[in-house]
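So the chains spell out like this:
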Amino acid sequence: MRFDILTIFPQFIDGNPYFEHSIIGRAIDKKLITVKAHDIRKYSKDKHKKVDDTPYGGGAGMVMACQPIFDAVKAVKKKNKGPVIFLTPHGATLTHSKVLKLAKLKNMILLCGRYEGIDQRIRDTIIDEEISIGDYVLTGGELPAMILIDAVTRQLPGVLHDDTSALEDSFTKKLNGKKEYPHYTRPEVFKKMSVPKVLLSGNHAKIEEWRQSHLSS
Ligand code: ADE
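Here's a quick rundown of the structure. Keep in mind the model is a prediction, meaning the values are calculated, not measured.

1. Some details on the state of the cysteines
Applying the stated criterion to the full structure yields zero disulfides. Here cysteine 66 stays unpaired: no disulfide links it, and the sulfur of cysteine 112, its closest cysteine neighbor, is 18 Å away.

Have a look at this one:
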C-alpha cells in the first residue's frame, strides 16, 4: 500500500524513526507499504512560497489557501490513484471497522491541515473523505496521519506474525465492546503479587473461562 502525505512539515515524516523501526519499519523494508511525504509549500506559486492567508469575513487565524494544495494533490495523483483523505477534527472518527475498510485499499493520499483550516473549495472538490482521530484538537494533521498509517498497516497481510493476527481477531470482538482481560507474564510473583493460578494450569478451557469472567473495559 502506498501512502502519500501532503504537509507543510515533511520533516515530521521523512527520517522519522517511527517509520524506521519495529513493525512499521519492517513493513516498509518488506515493501508492504511505502510512505512518501510531499511539501505543500513547494507547490506554492506565491513569490514568498506562502501557503496560507487571512480568512474572508475576518476572524482569528489563517486559512490554508487553495492553489498550493490543489497543485500538490494534482501532482501526487499522477502516482497515487487512491482517495484523498483530509485529517481534521471535524471528520468522522476513525474506528476499528473504518481501519479495516481502509486496509482494503491499494493507495491513499493523506492531506494534513494546519492553522484554522483549509479553504472550503478544497473540501468541496478534491477531498474524498475527512477523518478525525478523536474529539480533541491537535496542532496539525501529521500525527493523525501517522496514527492512521500505523492502524491500517498492521492490518495488511504479512505485517504481523500469523499468531498475532489470529490473537487480534479474537481480541477485536472484545475490542468492539471495549473489553479486555488482564495479562500477566514472568515472574510468577512480583512484590508479593501472584499471577492467578489458573493461568499456570495449562487447562485452556479453564483459562478461557477465567478470561471471559474477567473482561473489563
Ligand atoms: N487535526 C487536528 N486535530 C485533529 C484530529 N483530532 N484528528 C485529525 N486531524 C486533526
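2. Comments concerning the site of the ligand
For the ligand, the full set of nearby residues is Leu87, Thr88, Pro89, Ile131, Ser132, Ile133, Gly134, Tyr136, Val137, Leu138, Gly140 and Pro144. Threonine 88 is positioned such that a nitrogen or oxygen atom in its backbone is 3.2 Å from a nitrogen atom of the ligand. Taking 260 Å² as the accessible area of the ligand by itself, protein coverage stands at 97%. A total of three residues in the shell around the ligand trace back to one element, the largest contributor, which is strand S5 (residues 84-93). Looking at side-chain class alone, the shell around the ligand contains eight nonpolar, four polar and no charged residues.

3. Observations regarding the pattern of salt bridges
In this structure the tally under the stated criterion is seven salt bridges. When the shortest N-O distance is used, the salt bridge between glutamate 129 and lysine 98 registers 2.4 Å. On the criterion of sequence distance, the pair formed by glutamate 129 in strand S8 (residues 129-132) and lysine 98 in helix H3 (residues 96-102) is long-range, its members being 31 residues apart. For aspartate 119, the salt bridge goes to arginine 121, with nearest N and O atoms at 2.7 Å.

4. Re the packing of aromatic side chains
On inspection of all chains with the given rule, the structure shows two aromatic pairs. Between phenylalanine 9 and phenylalanine 12 the ring centres are 4.9 Å apart and the planes differ by 15°, which places this aromatic pair in the stacked class. With a relative accessible area of 25%, phenylalanine 9 lands in the partly exposed category. Phenylalanine 12 sits in the partly exposed class, given a relative accessible area of 36%. Aromatic pair tyrosine 18 and phenylalanine 19: ring centres 6.4 Å apart, planes at 90°, arrangement edge-to-face. Judged by its relative accessible area of 8%, phenylalanine 19 falls in the buried class.

So, how was this worked out
- Residues numbered from 1 in each chain as written.
- Predicted model: local features only at pLDDT ≥ 70, side-chain atom pairs only at ≥ 80, totals over all residues.
- Heavy atoms only, no water.
- Disulfide = S-S within 2.5 Å.
- Near = heavy atom within 4 Å.
- Polar contact = N/O pair within 3.5 Å; in protein donor to acceptor, adjacent residues only side chain to side chain.
- Areas by Shrake-Rupley, 256 points an atom, 1.4 Å probe, with all protein chains shown as cover.
- Helix = DSSP H or I, 4+ residues; strand = E, 2+ residues; numbered from the N terminus.
- Nonpolar A, V, L, I, M, F, W, Y, C, P; charged D, E, K, R; others polar.
- Salt bridge = Lys/Arg side-chain N within 4 Å of Asp/Glu carboxyl O.
- Phe/Tyr/Trp six-rings, centres within 6.5 Å; stacked < 30°, edge-to-face > 60°.
- Buried < 20%, exposed > 50% of the residue type's maximum accessible area, 1.4 Å probe, protein only.

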